[in-house]
Amino acid sequence: MSDNEIEEYQSPLGDYEAAPRLSTEGPGQRQRDVRATQQITQQHLFVKAHRGPLPQASELKAYADIDPAIASAIVAMARENNTTQNVTVRREQIFALARDLASVLAALIFGLAALYGAVTAADHDHPTTAGILATTTLTIGFGALLLRRIVKSERSDHSSQKTGRSTNGEEA
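As the structure is a computational prediction, the values presented were derived from the model and not from experiment.

(A) Just the overall build of the protein, in detail. Assigned secondary structure in the protein consists of 5 helices and 0 strands. Listed N to C, the secondary structure of the protein is α-α-α-α-α in terms of helices and strands. In the protein, the share of contacts with a sequence separation of at least 24, taken over all contacts with a separation of at least 6, comes to 28%. With an accessible surface of roughly 14200 Å², the protein has 60% of that area assigned to carbon and sulfur atoms.

(B) Fine view of the layout of surface pockets. In this model, the largest pocket occupies a volume close to 480 Å³. Lining the largest pocket are 16 residues, with Ala107, Leu108, Gly141, Ala144 and Leu145 positioned closest to its centre. For the lining of the largest pocket, the secondary-structure elements that each account for two or more residues are helix H4 (68-123) and helix H5 (127-163). For the lining of the largest pocket, the per-class residue count stands at 11 nonpolar, 4 polar and 1 charged. For the second largest pocket, the calculated volume is near 310 Å³. Forming the walls of the second largest pocket are Asp100, Ser103, Leu145, Arg148, Arg149, Val151, Lys152 and Arg155. Going through the elements one at a time, H4 and H5 are the ones with two or more residues in the lining of the second largest pocket.

(C) Local environment of the pattern of salt bridges. If you walk through the whole model with that rule in mind, you get 1 salt bridge. With a closest N to O distance of 3.5 Å, Asp65 and Lys61 form a salt bridge. One end of the pair is Asp65 and the other is Lys61, both in helix H3 (residues 57-66) and 4 residues apart, which spans about a single turn.

(D) Focus on a nonpolar patch on the surface. Taken together, Leu105, Leu108, Ile109, Leu112, Leu115, Leu138, Phe142 and Leu145 make up a surface patch of nonpolar side chains, about 800 Å² in accessible area. At the level of secondary structure, the elements contributing two or more residues to the nonpolar patch comprise H4 and H5. By secondary structure assignment, the location of Ile109 is in helix H4.

(E) Expanded view of the side chain of Gln56. Tracing the backbone shows Gln56 in the loop between helix H2 (29-42) and H3. Setting aside chain neighbours within four positions, we find Gln56 in contact with Lys48, Ala49 and His50.

(F) Geometry of the packing of H3 against H4. Relative to each other, H3 and H4 sit at 135°, their axes nearing to 5 Å. Here H4 runs oblique to H3, going by the angle between their axes. When H3 is examined against H4, the residues Leu60, Tyr63, Ala64 and Ile66 are found in contact with a partner set consisting of Pro68, Ile70, Ala71, Ile74 and Val75.

About the cut-offs
- Residues numbered from 1 in each chain as written.
- Predicted model: local features only at pLDDT ≥ 70, side-chain atom pairs only at ≥ 80, totals over all residues.
- Heavy atoms only, no water.
- Helix = DSSP H or I, 4+ residues; strand = E, 2+ residues; numbered from the N terminus.
- Contact = heavy atoms within 4.5 Å.
- Areas by Shrake-Rupley, 256 points an atom, 1.4 Å probe, with all protein chains shown as cover.
- 1 Å grid on protein atoms, 1.4 Å probe; cavity = no way out; pocket = protein on both sides within 12 Å on 5 of 7 lines; lining within 4 Å.
- Points joined across faces, edges and corners; volume = space filled by probe spheres on them.
- Nonpolar A, V, L, I, M, F, W, Y, C, P; charged D, E, K, R; others polar.
- Salt bridge = Lys/Arg side-chain N within 4 Å of Asp/Glu carboxyl O.
- Patch = residues over 30% accessible without salt bridge, like charges linked within 9 Å, V, L, I, M, F, W, Y side chains within 5 Å.
- Axes fitted to C-alpha atoms, helices over the stretch in contact; angles between N-to-C directions.
- Parallel < 35°, antiparallel > 145°, perpendicular 65-115°, else oblique.

Structure, rendered in structure tokens:
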């Protein structure tokens, strides 16, 4: 190859100016530079990604070309899968709500019973017992509320890390 041919090299992408400049240092360096430039400009990366319950439209059409009933069956399965997922999510939400209400109701009943015991103890001339019982009940109640708030904020922080969003909906 002559020097003129090397300088006139056009990349397959058609933009010679965007190709790396060739060096003239050392024997054979120019040929190595040309080969490296050709390898860089001739390599292409193509990634095709698809996500969802249905195959891509081109694949669905290929299935329909084989048998039209197959494409209908695939779409029906995707709809059924979507319905099942929605029902499952709703059930999880209902059970979580019921579990939360049950725990709050149990704590409320326990707290009210303990406070009633404190009032009864005070009425029967046991002020020390009444004070200890009332203070302990209120401390446990406030501690439970505080603990619930901390756990709730940790859950929201954990879920925002999974989704890449902060708790106020902005990108993290």
